[in-house]
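Listed here are the chains, written in short residue letters.
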Amino acid sequence: MEFEFTEDQLELQRAVRDILDAEAPPELARAVADGESDGAELWGTLAGLEWPAMALPADAGGLGFGWVELAIVLEELGRHAAPGPFVATVTQFAPLVLEAAGPEDAAVLLSDVAAGRTTGTVAVDEGAGTWDPAGVQATTRRDGDHLVLSGTKHYVVDGATADEIAAVVRLDGEVRVVLVPGSSVQPVEVMPIDPGVRHSTVSLDGVRVPADRLLGRGDATRATRRALEESVAAIAAITLGACQQIFDIINAHAKERIQFGVPIGSFQAVKHKLADMYRDIERARVLVYYAALTLAEDHPDRTLAASMAKAAAGEAQRRCVQDGLQLAGGIGYTWEHDLHLFLRRAKVGELHFGSASHHRRRVARLFLQSGAA
Amino acid sequence: MRLTYSPEVEAFRAEFSAWLDANLPDEAATAVRPRSSADIPEWSRSFQRRMFDDGWLVPGYPPEFGGRNADLYEQAVFWEELGRRRITQSFNPQGLGIVSASIITFGTGEQKHRWAVPIMRAERTAALGMSEPGAGSDLAGLSTRAVLDGDRFIVNGQKVWTSGAHHADVLLAFVRTDPDVPKHKGISALIIETDTPGLVRRPFRDITRPDPDFNEVFFDDVEVPRENLVGELNDGWRVCTGSLAHEREMLWILWSQGLDRMLDDMLEQLNDGAGAGAAGDPVVLDGLGSSIMDSWALRLLGQRQLARSRRGLHVADQSLLKLLGSEAQQKLSLLMLEALGPAGLDRTVPPDAQSPYESDRAALSWADRYFFTFAGTISGGTSEIHRNIIAERVLGQPR
């Protein structure tokens, strides 16, 4: 295998970083945290640059970039704690529509997403925090040429703002995906630890949509699982980026902060924490890009790889938040310092779409079933 | 980025695999087992010699030194094949991997043919004399003294942890030749025959096995010909760090294979062996998941290092790989020991638990494996030293 970026991928990484350095500086994340911005302007800019189209198939007006390229973008979004609907729209909504509706119908449904005119999200979890479609209890039933929904969805990212919600519900016992206009539900937004990534509790009770909003044919459990593999890997990439930013802040701090007449980075107690953060980040980095590669090639390892990426990013996050906040000393505990902007993004990444522990146990079960490492 | 090797690299793998099919000794011939890391049974000596002569012992070397100028990916699949078939490259790993490698890198043409080639062809075995009672992590603080007296050195002092020395024909020993300069600048590397008068080896046991491997080696006015100096006088630190670099270049593959070996054994026991009861325990599953991730991460980080090295980029992850690999083995063996409960205390190893072509240490009981992993986190630079190295050399923190 050739496990390093190509020249084109490195060029993309530089370009994405430059754009986000200019368009999503820490001041933007701070303005969002202070309630002075909703990040809409950034979305407009990114849409103008065709970012939403990047990873979508050409039939849907997309640019057909691969998943490794998408992961590069996501890592940088995390590194900048960038706000906005990109993540839910491109890595949650679009994959679920693609998997559930099939490529032809999805091309029509996603053309407005590719053009940056429509935002979306998914409504899967019902409180367990595992995003497992097998646990879905919400239902829909036919009523003439309409569908009527019932049930409550939790942790719907951008649930109060997305134009379209792809809701996973049961129809006659089968798992199905129904597109629900955001304007037709009454979301209750949860007070978010990271105001740049908001989620809502969404009641579907009594929501009526035309029957043609039912995607695909037959049970969508597998389609949902496949789509969620992309969402899970995406959050892992974002969390990785947030961890890298935390680490960069702390590694620089340890070189500059003088106590007892020397930089604190000269103390082994500090060095060893930094080395452990670096180890966990690099471990997560290779697993995130392995997941990206398996998704890009639709390789059979994608299920395992997505869970490994998510769990490794979660472990890296745990150490970087814990030791990063500790090593920053008092200054990192202040609102004025930028550190908390990234701590928040990293923590959200751990708890959305299944915790590290959930995914570790999943990895172990897959291993025990498969019979090989 | 891509997931597979090129067809050329796969062809290389197939060629080696076919060679192994044709040349691996019969299992019946392998009854005599190595007693230490410098004791090679006759059947294994002849196999190692055949690997050398056919260019399969160290594929990255030129043919005169047992290789075929293989590139890094070809070397990687060579190791993958050995690992998959559970074949140890040499029962004298430090002799081959460090002593002969150092002589080939730093020695004269005559030294290469007098020492390196016989060690590689398993005609002679070698041990590495580095650590001393007062020089472990601070290796450059070593004090075994060698005084140049005409055309010979007179050596006095002591080495310790010298693996396999009691069975080795020669030592590559690092000695102080100039005590009046900064410590790194007064060290030289000498090849010392172990039967030289005044040299005494005292093997001692470690906590995991009955046969000793470690030795104390005492030097009492040991005379060493000047021609046994490897590299320049007082330039031994370069030989020393160079030899460790040899050790570390592909070392991740061995960490990775050791970890995968543990996972394979664990899988077997959790699915239908002594550990079947633990397979449903969420705490065990949680830890197992993390170890599986360690295994993948190690392999991927190693592959990334290969890809970078092939592009001529600076490669700085050796400490990271060593730290991750050695600690991952420790974490997993402890997990399995605890998962088994009191059954894990049994030191019995099933007779078919290992292949005859690998070291008898490949399949210890979980309790012994756990103890044995400390050989990984202590030797070759302790985990603490590697954390310092990462912080200073990779992350740029002050010393």
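The structure displayed is predicted, hence computed values, not measured ones.

## Quick look at the domain arrangement of chain A
Residue and element names in this part refer to chain A.
Now for step 1: Segmenting chain A into domains produces domain 1 (7-114), domain 2 (120-218) and domain 3 (222-370).
Now for step 2: Between the C-alpha centres of domain 1 and domain 2 there is a distance of 22 Å.
Now for step 3: With 14 residues of domain 1 at the contact, the number on the domain 2 side is 14 residues.
Now for step 4: In this assembly, domain 1 packs against domain 2 so that about 1,200 Å² is buried in total across both faces, 72% of it on carbon and sulfur atoms.
Now for step 5: Ranking the residues of domain 1 by area buried against domain 2 places Gln 92, Phe 93 and Leu 96 at the top, with a combined share of 41%.
Now for step 6: Counting across the domain 1 and domain 2 interface gives zero salt bridges.
Now for step 7: The tally of links from domain 1 across to domain 2 stands at one residue pair in polar contact (both at pLDDT 80 or more).
Now for step 8: When residues of the side of domain 1 that touches domain 2 are traced back to their parent elements, those giving at least two are α2 (26-33) and α5 (86-114).

## A word on the packing of helix α9 (residues 318-340) of chain B against helix α11 (residues 383-394) of chain B
Residue and element names in this part refer to chain B.
Now for step 1: At a minimum axis distance of 9 Å, the contact between α9 and α11 shows a crossing angle of 150 degrees. Viewed along their axes, α9 and α11 form a crossing whose handedness is left-handed. For the pair α9 and α11, the contacting residues are Ser 319, Leu 320, Lys 322, Leu 323, Ser 326 and Glu 327 in the first and Ser 383, His 386, Arg 387, Ile 389 and Ile 390 in the second.
Now for step 2: Its residues assigned to classes, the contact of α9 with α11 comprises four nonpolar, four polar and three charged.

## A short note on the interface of chain A and chain B
Now for step 1: Taken together, the 51 residues of chain A in the interface contact 48 residues of chain B.
Now for step 2: Taking both partners together, chain A and chain B bury about 4,800 Å²; carbon and sulfur atoms supply 65% of that area.
Now for step 3: Note that Lys 271 of chain A is salt-bridged to Glu 392 of chain B, the shortest N-O span being 2.7 Å.
Now for step 4: Applying the counting rule to chain A against chain B returns 21 residue pairs in polar contact (both at pLDDT 80 or more).
Now for step 5: Of all the secondary structure elements, the ones that give two or more residues to the side of chain A that touches chain B are α6 (221-256), α7 (268-296), α8 (302-327) and α10 (356-370) of chain A.
Now for step 6: Here the side of chain A that touches chain B is built from residues that sort into 25 nonpolar, eleven polar and 15 charged.

## A word on the nonpolar core
Now for step 1: Judged by nonpolar contacts, the single largest core of 176 residues is most densely connected at Ile 246 and Tyr 289 of chain A together with Phe 174 and Leu 288 of chain B.
Now for step 2: With 16 residues, α7 of chain A is the single largest residue contributor to this core.
Now for step 3: Setting aside residues up to four positions removed in sequence, Tyr 289 of chain A forms contacts with Phe 3, Phe 5, Val 68, Ala 71, Ile 72, Glu 75 and Leu 240 of chain A together with Met 1 of chain B.

## A short note on empty space enclosed by the protein
Residues and elements named next belong to chain A.
Now for step 1: Scanning the model with the defined rule gives five cavities of 30 Å³ or more in all.
Now for step 2: Reported here for the largest cavity is a volume of approximately 180 Å³.
Now for step 3: Lining the largest cavity are 17 residues, and of these Val 87, Val 197, Ile 238, Arg 345 and Val 348 sit closest to its centre.
Now for step 4: Taken together, the residues that form the lining of the largest cavity break down as nine nonpolar, six polar and two charged.

## Overview of the domain arrangement of chain B
All names here are of chain B.
Now for step 1: By domain assignment, chain B separates into domain 1 (7-120), domain 2 (126-240) and domain 3 (251-394).
Now for step 2: A C-alpha centroid distance of 24 Å is found between domain 1 and domain 3.
Now for step 3: Counting from both sides, the interface comprises 20 residues of domain 1 and, opposite them, 19 residues of domain 3.
Now for step 4: Both faces considered, domain 1 and domain 3 share a buried interface measuring about 1,700 Å² in area, 56% of it formed by carbon and sulfur atoms.
Now for step 5: For the domain 1 face of the interface with domain 3, the top three residues by lost area are Leu 72, Tyr 73 and Arg 86, together amounting to 41%.
Now for step 6: Our count for the domain 1 to domain 3 interface comes out at three salt bridges.
Now for step 7: With its nearest N and O atoms 2.9 Å apart, the salt bridge here joins Arg 33 to Asp 360.

## Some points on the pattern of salt bridges
Now for step 1: Considering all chains together, one arrives at 64 salt bridges over all chains under this definition.
Now for step 2: Within this structure, Glu 10, Arg 13, Asp 21, Glu 80, Glu 81, Arg 84 and Arg 85 of chain B form a network of salt bridges that share partners.

## Remarks on the packing of aromatic side chains
Any two aromatic rings considered together are summarised by their centre-to-centre distance and by the angle between their planes.
Residues and elements named next belong to chain B.
Now for step 1: Counted under the stated rule, the structure contains 21 aromatic pairs over all chains.
Now for step 2: Pairing Phe 16 with Phe 78 gives two aromatic rings, centres 4.9 Å apart and planes at 40 degrees, and the pair type is tilted. Here Phe 16, found in helix α1 (residues 7-23), pairs with Phe 78, found in helix α3 (residues 72-84); they are 62 residues apart in sequence, far enough to count as distant. Per residue, the accessibility class of Phe 16 equals that of Phe 78, and both read buried.
Now for step 3: When the centroid spacing of 5.9 Å and the interplanar angle of 80 degrees are considered together, the rings of Trp 43 and Phe 91 count as edge-to-face. With Trp 43 in helix α2 (residues 42-53) and Phe 91 in the loop between α3 and α4 (93-106), the pair connects residues that are 48 residues apart, well separated along the chain. For the pair Trp 43 and Phe 91, one class covers both residues: buried.
Now for step 4: One aromatic cluster is present, formed by Phe 12, Phe 16, Trp 19, Phe 47, Trp 56, Phe 78 and Trp 79 through successive ring pairs.
Now for step 5: A cation over a ring is seen here: Arg 68 above Trp 56, with NZ or CZ 3.6 Å from the ring centre.

## Considering the side chain of Asp 194 of chain A
All names here are of chain A.
Now for step 1: Note that Asp 194 resides in the loop between β7 (186-189) and β8 (199-203).
Now for step 2: Given a relative accessible area of 5%, Asp 194 falls into the buried group.
Now for step 3: Within the structure, the side chain of Asp 194 is placed 2.5 Å from the side chain of Arg 345, a separation counted as a polar contact.

## Points about the packing of α8 of chain A against helix α9 (residues 339-351) of chain A
All names here are of chain A.
Now for step 1: Close contact between α8 and α9 brings their axes to 9 Å; oriented N to C, the two are set at 150 degrees. The angle between α8 and α9 places the two elements in the roughly antiparallel class. Seen along the crossing, α8 lies across α9 with a hand that is left-handed. Contacts from Lys 310, Gly 314, Gln 317, Arg 318, Cys 320, Val 321, Gly 324 and Leu 325 in α8 reach Leu 339, Leu 343, Ala 346, Lys 347, Gly 349 and Glu 350 in α9.
Now for step 2: Taken together, the residues of the contact of α8 with α9 break down into six nonpolar, four polar and four charged.

## Notes on unusual backbone geometry
Now for step 1: Phi at Asp 172 of chain A is positive, roughly 50 degrees, even though this residue is not glycine.
Now for step 2: Mapped onto the secondary structure, Asp 172 of chain A falls in the loop between β5 (164-171) and β6 (174-181).
Now for step 3: Of the residues examined, Asp 172 of chain A reaches a relative accessible area of 75% and is grouped as exposed.
Now for step 4: Despite not being glycine, Asn 234 of chain B shows a phi value in the positive range, around 70 degrees.

About the thresholds
Residues numbered from 1 in each chain as written. Chains lettered and ligands numbered in written order. Predicted model: local features only at pLDDT ≥ 70, side-chain atom pairs only at ≥ 80, totals over all residues. Heavy atoms only, no water. Domains from an automatic or database assignment. Contact = heavy atoms within 4.5 Å. Buried area = accessible area lost by both parts, 1.4 Å probe. Salt bridge = Lys/Arg side-chain N within 4 Å of Asp/Glu carboxyl O. Polar contact = N/O pair within 3.5 Å; in protein donor to acceptor, adjacent residues only side chain to side chain. Helix = DSSP H or I, 4+ residues; strand = E, 2+ residues; numbered from the N terminus. Axes fitted to C-alpha atoms, helices over the stretch in contact; angles between N-to-C directions. Left-handed = near helix turned anticlockwise from the far one by under 90°. Nonpolar A, V, L, I, M, F, W, Y, C, P; charged D, E, K, R; others polar. Core = buried A, V, L, I, M, F, W, Y, C linked by side-chain atoms within 4.5 Å. Buried < 20%, exposed > 50% of the residue type's maximum accessible area, 1.4 Å probe, protein only. 1 Å grid on protein atoms, 1.4 Å probe; cavity = no way out; pocket = protein on both sides within 12 Å on 5 of 7 lines; lining within 4 Å. Points joined across faces, edges and corners; volume = space filled by probe spheres on them. Phe/Tyr/Trp six-rings, centres within 6.5 Å; stacked < 30°, edge-to-face > 60°. Lys NZ or Arg CZ within 6 Å of the ring centre and 35° of its normal. Parallel < 35°, antiparallel > 145°, perpendicular 65-115°, else oblique.

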